[in-house]
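# A structural walkthrough
What follows is the residue order along each chain.
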There are 2 protein chains.
Amino acid sequence: MNGWKIVGGVLGGSVILAVGLLIGHFGISKETQPTWAKQLSKDVDEGFIQEFMREVDKESIGRYLRRLTQKPHMATTPADEDLVTVILSHWNDLKSGLDEAKEVRYDVFLSFPDKKNPNNVKVVTPEGTKKFECKHAEDHLTGDQNDTDIVQPYLAFAPNGTAKGKLVYANEGKLSDFQHLAAKMINLTGTIAIVRYGGTGRVAKAINAAKFGVIGVLIYSDPKDINDGKVNPNETYPNSWYMPPSGVERGSFKENFGDQLTPYYPAKEFTYRIKESEIKGLSPIPAQPIGFEDAKVLICNLQGSPAVDSWQGSLGCVYNIGPGFQENSEFNSSDVEINVYNKRTIRSSANVIGIIRGAVEPDRYVLYGNHRDSWVHGAIDPSSGTAVMMEITKILGTKLKEGKWRPRRSIIFGSWGAEEFGLIGSTEFAEEYYNKLKERTVAYINVDISVFANASLRAQGTPPAQNVIFAASKQVTTPLDSSLTVYENWKKHSNRTSPQYGLIPEMGTLGSGSDYAPFLHYLGITCMDLAYTYDKGVTKARMYPNYHTAFDTFDYASRFIDPGFTSHQMVARTAGNVLLRLADSLIVPLGVRDYMETLDRYYSKAEENFQSNLNTKNISLIPLRNAINRYKKACDTLEETIKNLKKTEETPLKIRMINDQLMLLERSFINHMAFPDKLYYSHVIWASRSSSVVTFPGLADAYEKAVLSDSQDDWNQVHHHLTVAITAVESAATTLERVTDL
Amino acid sequence: MNGWKIVGGVLGGSVILAVGLLIGHFGISKETQPTWAKQLSKDVDEGFIQEFMREVDKESIGRYLRRLTQKPHMATTPADEDLVTVILSHWNDLKSGLDEAKEVRYDVFLSFPDKKNPNNVKVVTPEGTKKFECKHAEDHLTGDQNDTDIVQPYLAFAPNGTAKGKLVYANEGKLSDFQHLAAKMINLTGTIAIVRYGGTGRVAKAINAAKFGVIGVLIYSDPKDINDGKVNPNETYPNSWYMPPSGVERGSFKENFGDQLTPYYPAKEFTYRIKESEIKGLSPIPAQPIGFEDAKVLICNLQGSPAVDSWQGSLGCVYNIGPGFQENSEFNSSDVEINVYNKRTIRSSANVIGIIRGAVEPDRYVLYGNHRDSWVHGAIDPSSGTAVMMEITKILGTKLKEGKWRPRRSIIFGSWGAEEFGLIGSTEFAEEYYNKLKERTVAYINVDISVFANASLRAQGTPPAQNVIFAASKQVTTPLDSSLTVYENWKKHSNRTSPQYGLIPEMGTLGSGSDYAPFLHYLGITCMDLAYTYDKGVTKARMYPNYHTAFDTFDYASRFIDPGFTSHQMVARTAGNVLLRLADSLIVPLGVRDYMETLDRYYSKAEENFQSNLNTKNISLIPLRNAINRYKKACDTLEETIKNLKKTEETPLKIRMINDQLMLLERSFINHMAFPDKLYYSHVIWASRSSSVVTFPGLADAYEKAVLSDSQDDWNQVHHHLTVAITAVESAATTLERVTDL
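Residues take numbers from 1 onward in each chain, read along the sequence in its written order. Think of it this way: whatever chain is written first is A, whatever ligand is written first is 1, and the rest follow in order. Local features are withheld for residues below a pLDDT of 70 in this predicted model, meaning they are given only at 70 or higher, and side-chain atom pairs are given and counted only at 80 or more; totals for whole chains, interfaces and linings count all residues. Only heavy atoms go into the side-chain values, all of them from the structure, while hydrogens and water stay out.

What follows deals with the sheet that holds strand 3 (residues 130-133) of chain A. Residues and elements named next belong to chain A. With antiparallel pairing, 4 strands are arranged side by side in an open sheet as 3-2-11-5. Single-partner strands in this sheet number two, and they are strand 3 and strand 5 (161-165). Strand-to-strand twist in this sheet, taken as the mean axis angle between neighbours without regard to direction, amounts to 20°. Sheet analysis places strand 2 (residues 120-124) next to strand 3, joined by 3 bridges and oriented antiparallel. Pairing of Lys122 across the sheet is with Glu133, part of strand 3. At least two bridges found by DSSP between two strands are what make those strands a pair. Helical segments are the DSSP runs of H or I of at least four residues, strand segments are the runs of E of at least two, and each set is numbered from the N terminus. Every angle, taken between N-to-C directions, lies between 0 and 180 degrees, and every axis is a line fitted to C-alpha atoms, over only the stretch in contact when it is a helix.

The next thing to look at is the pairing of strand 16 (residues 456-461) of chain B. All names here are of chain B. Buried means the residue's accessible area, taken with a 1.4 Å probe over protein chains only, is under 20% of the maximum for its type, while exposed means over 50%, and partly exposed covers the values in between. With 6 of 6 residues buried, strand 16 is to be regarded as a mostly interior element. Direction of pairing for strand 16 relative to strand 19 (residues 527-533): antiparallel, over a ladder of 6 bridges. Note that in strand 19 the partner of Leu457 across the bridge is Tyr532.

What follows covers unusual backbone geometry. Of note, the bond from Gly322 of chain A into Pro323 of chain A is cis; its omega dihedral lies within 30 degrees of zero at 0°. Structurally, the position occupied by Pro323 of chain A is in the loop between helix 9 (292-299) and strand 11 (335-340). Of note, the bond from Tyr237 of chain B into Pro238 of chain B is cis; its omega dihedral lies within 30 degrees of zero at 10°. For Pro238 of chain B, the location among the structural elements is in the loop between helix 8 (223-226) and strand 9 (251-252). The phi dihedral of Asp228 of chain A falls on the positive side, at around 50°, and the residue is not glycine. You can see Asp228 of chain A is positioned in the loop between helix 8 (223-226) and strand 9 (251-252).

Any Lys or Arg side-chain nitrogen located within 4 Å of an Asp or Glu carboxyl oxygen qualifies as a salt bridge. Under the counting rule described, the total for this entry stands at 98 salt bridges over all chains. Two residues, Lys399 of chain A and Glu51 of chain A, come together in a salt bridge whose shortest N-O distance is 2.6 Å. Pair noted here: Lys399 of chain A is in helix 10 (residues 379-401) and Glu51 of chain A is in helix 3 (residues 46-55), with a separation of 348 residues, a long-range link. Residue class for Glu51 of chain A comes out partly exposed when judged on its relative accessible area of 24%. The residue Arg738 of chain A makes a salt bridge to Glu100 of chain B at a minimum N-O spacing of 3.4 Å.

Tyr631 of chain A together with Tyr631 of chain B are the most contacted members of the largest nonpolar core, which totals 487 residues. Sequence-distant contacts of Tyr631 of chain A, defined by excluding residues within four places in its chain, comprise Val592, Tyr595, Met596, Leu599, Leu665, Val729, Ala732, Ala733 and Leu736 of chain A. Side-chain atoms within 4.5 Å are what join buried Ala, Val, Leu, Ile, Met, Phe, Trp, Tyr and Cys residues into a set we call a nonpolar core. The contact definition used throughout considers only heavy atoms, calling two residues in contact when any of these lie within 4.5 Å.

Further remarks concern the domain arrangement of chain A. Residues and elements named next belong to chain A. Taken domain by domain, chain A comprises domain 1 (61-107 + 345-474 + 508-584), domain 2 (114-341) and domain 3 (592-736). The domain limits used here are those given by an automatic or database domain assignment. Once you take the C-alpha centre of each, domain 1 and domain 3 turn out to be 29 Å apart. With 28 residues of domain 1 at the interface, the matching set in domain 3 holds 20 residues. Carbon and sulfur atoms supply 53% of the area that domain 1 and domain 3 bury against each other, a total of about 2000 Å² over both sides. Looking at the side of domain 1 facing domain 3, the largest losses of area belong to Pro463, His521 and Tyr522, adding up to 29% of the total buried there. Across the domain 1-domain 3 interface, the total number found is 3 salt bridges. The definition of a polar contact used here is a pair of N or O atoms within 3.5 Å, where within protein one atom must be able to donate a hydrogen and the other to accept one, and adjacent residues in sequence count solely through side-chain atom pairs. Taken together, the connections running from domain 1 to domain 3 amount to 12 residue pairs in polar contact (both at pLDDT 80 or more). As a working definition, buried area equals the accessible area (1.4 Å probe) given up by two parts on being put together, with both sides summed.

Residue and element names in this part refer to chain B. One open sheet holds the 4 strands; their spatial order is 6-7-8-10, and the pairing between them is parallel. Looking at which strands have only one partner, the edges of the open sheet turn out to be strand 6 (167-169) and strand 10 (287-289). Pairs of neighbouring strands in the sheet enclose a mean axial angle of 25°, with direction left out of account. In this sheet, strand 10 lies alongside strand 8 (residues 216-220) in parallel orientation, the contact comprising 3 bridges. When the sheet's bridge partners are listed, Ile219 is paired in strand 10 with Pro289. Seen against the sheet, helix 7 (residues 202-211) touches strand 7 (192-196) and strand 8 and runs at an angle of roughly 150° to strand 8. This element, helix 9 (residues 292-299), spans strand 6, strand 7 and strand 8 of the sheet and lies at about 125° to strand 8.

So, about the pairing of strand 14 (residues 409-416) of chain A. Residue and element names in this part refer to chain A. Burial analysis of strand 14 places 8 of its 8 residues in the buried class, the great majority of the element. Sheet topology note: the strand 12 (residues 343-356)/strand 14 ladder contains 5 bridges and is antiparallel. Residue pairing for strand 14: Ile356 is matched across the bridge by Ile411. For strand 13 (residues 361-371) and strand 14, the ladder comprises 8 bridges, and the chain directions are parallel. If you follow Gly369 over to strand 14, its bridge partner there is Gly414. Here is how to tell: hold the view so the strands point away, follow the path from the first strand over the helix to the second, and if it runs clockwise the crossover is right-handed. Viewed along the sheet, the connection from strand 13 through helix 10 into strand 14 turns out right-handed.

Right, dumping it as structure tokens:
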């Protein structure tokens, strides 16, 4: 080779190389997104969700449940504090823990019976001789009931005092029940009422009773309502899932949730506390719960006319209404005496908060919570939910620590304290972080009792939650038939025909029965509550029978409620799936259009029930109809925007903009001025309602009042509440409309 | 060449080309950010701000002002509607308009005098003979006062009626003024009080008066307060900027802002309206404003003892307190009779909304607004501000239409209706878009009266606004000395020593005097109000003298207030600069640490004034101190995060996260439960306050009440309001702390 050739070759090669360089650099389209941009536009990883679900281990859930239910762990007791330590240590575990875990304490107002001076219920003759006394404790049927830490059955916050008088039977203690008795010319003044659980809230029974002069209340669970009629020991726990004759449902006896002395403010040391006398919604009269074997002794000896059929129960006798006992009974002219010695006290209660920081949007939260405190061992309520939460956090924590996963958004787990005393831990948390949570929370998932029974998923939530719950439940299969999904099984058990989707599982609505209440009603966060439940065709029990009794134990849970923990496993898979979708989806999977069905239904109900009277008062429903139509149009626009998104190519701020619209939709229904007399209730769609008409609660209740009084002021309030409803729906539309539509 | 060589050469070339391709593609670092990523991380363009400021044209502002002041344009009158059209057409202009402009209407409750039945004030003898009557209109001093559309001087919402009685002079009509008279054993029952403007709010004078039995009120501007003592026609307009003897300040006569019939709800057709009798904060007695030449006739004829020195004014006589006229005067035993025939009515009032959509963050808003309605021609109030706004929108609109600029965030301009009747247009807008604005607004800039006088910038705002106002005012120079910035000039006129910055211009605080009020007090948006103002060393006038009179004309503005419109120009440059910084800065230029000085000052005042008494009541200020320290620490953390940001390299969502913390800080001081009796006031730092102690208003007022009554309930309220303050500061800290700190 001569020199020129080499030079020529080098030159030629250089030119070609240069051409290559140029083409390579400019001609071949490089991935146009930098690393961070890719991460920003990453969508939920379906493979990871499958992996998570595979790893949900029913034996592990069983082990958690066993640990959580070792001791009765009523709020603020040593056993409750022990569980604080247990949960903290799991969430801080180096190999399977979260990014951070801590306890947050509040000084909360609680109420306990006096161990030395137990509440009691007696039958006493006019001469003062005790003829009978109700049991102070449930029977020892398994080893569990021997625990000296089991709290005597009682009603927390029921006032102290002695009440003695003739016994009357007042069915479920509804207002209508007492009206029924009064209509029969029964003089209720000075009487003691015995009522069954069900039909109305616990404390409402005593508040209603007191209005008629009743001075004390006894509450029991009728076997008809709780046991499908079963009453005998051989038919009840420990021989079946039914409540034994000595079983007593404990419970909180007050209307409002949250710490009673610090409404709207976190119960910190510095916080101003109202006076006990200023607390609203407490019972004015003493009350005590008793078992149905004791209730039977009392009710079956009542004199007076027989109660109407619908009042009769399964105690094995005709229920007379009283007042007083039959003359030919051993009790004849005796009274019933109730002595209540509950002590109200301020105690330090802990929430345990566990945090996984989001990789992309740390300032967007998905909350997942359950309470920790129980009345006794609380295997089902709440430990079935806590065990599920622990299993989920263990799997996710492990992935996190292994560096295999970090959610797009932050996940906040809450183990709430003192729920049984009225959702206290969750409410104080919502109060303390009001702004931060309200501005940033995508959704709250509550799994309290995770398994009531083995038959079907039961989900409650606000409409936007339906979409993600459906998506998750379609991916979980039932244990006996791997071709049957939780979704399909749910649809078989409980369904409705949706105008847009046809036949779908029926999602329930949320009241204020668990820790979602402050997040929904006060903060306006999209909430849901998930559990497995029973087949209403098989049992008519109004609750799982040993709810709030000393028989809600690990033995009960593992032998009768969920042998093998397969339902726990399905709930963990479903709830975890929901959690991951909310935390990891590029577009938040909330179905805002699903509010349309609620709004349409509310409108129809209002039209059907109110319109003719409203017309005569010159109050028009048309602006409400217009607002709902505007909401529908806003959904169309937003859906169109989402449909046209080239998801992973869109700018992260555009994705965020849309996600904020989806997240904030629920917030737009909040109006802190709407219900000045209802503590915390600010959600115009879901606030509490007395009227039976299922429509906007403020409108329904105002209408009911106006029809009764026919006063102009009350009709003005109807118009006012119609305005509240219209502006809430318009605000919702505004949230979904283009961000620059102002 | 043989075939192999060719093949070899091709092969060799191919390999080299491939190497080149590979190196070119992978080896040469390409710009790692895609186009959209670059745009997302773009910071404010200082060159563009300079260009904007250069283009602000004083002649153009003058032309806008002339157009805006052609006719008296009281809210909802044809001339107001004409201006709606004018502004709309400018904002919709194809070459210099905004992206969008529209009118948004509300049906609002207003009050006007009756043209056919003018309000009147007379002196009448016991026999009913009229001895004197105050003027019904201002003198015709320039052509402008000939306009038949000039509204008679009146007080909007002052109730109709006739009041006749002996005249008393009650200074400024403060509560203490009437107490002073009562202490002198003056029987005020059935009297008419004449009071000067100043010292307290307009309607407060009548509300105070009525408490002492006064049945009618006259209000006038004393030359001492408004004219530096000048009273003669040759010393007053049209010969100077001072108020002529016939000038009368009109005004709204009510305590609360917003539409009075629809509190908290937009005044739409469908909105429920409360009854007039349910409106709070109106005057219970008729009232009418008069000119000081008429006031002189009344006051200088009063009998009784001379008023104390501080009550004396500049009418040229000794002010006696009455009651009644001097016996040796022509009025001797005469009464003063007031007849008010105002008509309350619902009228359609328009806001004009102009929108520039943000390029990067369309869902973050910077609001800029001013009202459009005036009492008469309103050259200064509000057209000086509107002219500035029109100049700003013209320049920005032109840049927009030329494709040279689009802001990062959306800019919303508001030309508010019916401000003079109580900030109605802005309040209804804030109510209608409550959620959308609260969730997304970075700041609200208000420029109402843009030029009171030519001496110095005057800025009011919440602390976070100080930073951006300082930055802008340092870039604007004064017309007479190009080395003197607006900032330095401001500092010369009004300054304070800041613990952190040393000597700085003094920014004022915001009350509820203009359209920022609903945004600040109800929504918790960082607000500011900008204007040029007078030198307090040169004039003691409590307002620019022709405020709300028929002399506030283009002639007045252009000859006396701002000849050459140079102050208008400086305000336009400053406000526009602020606007651009807020809209375009990558990191929102709000100084959250500046709240520390307010909190520290509030704490010191509380400690100094309340601590010893609080100690005796076992109420500790320490938790408040702790909360403020926590706030300070949160500022440190956030500032550290911002300092360490590699601004343009950070992910857009991290930038957004920080910006949201800055934006939402002000929101964390909002507590809708804090002041249930104060309409709209929800800002725990800036709510209205009666106490003279400059600290947390709820705490100060509760303390004042408790000290007076010394009742336990009132002390409990002190503790309650201390809790309100602590939780607000803690919530503020929470907002600035790490987003995952929960």
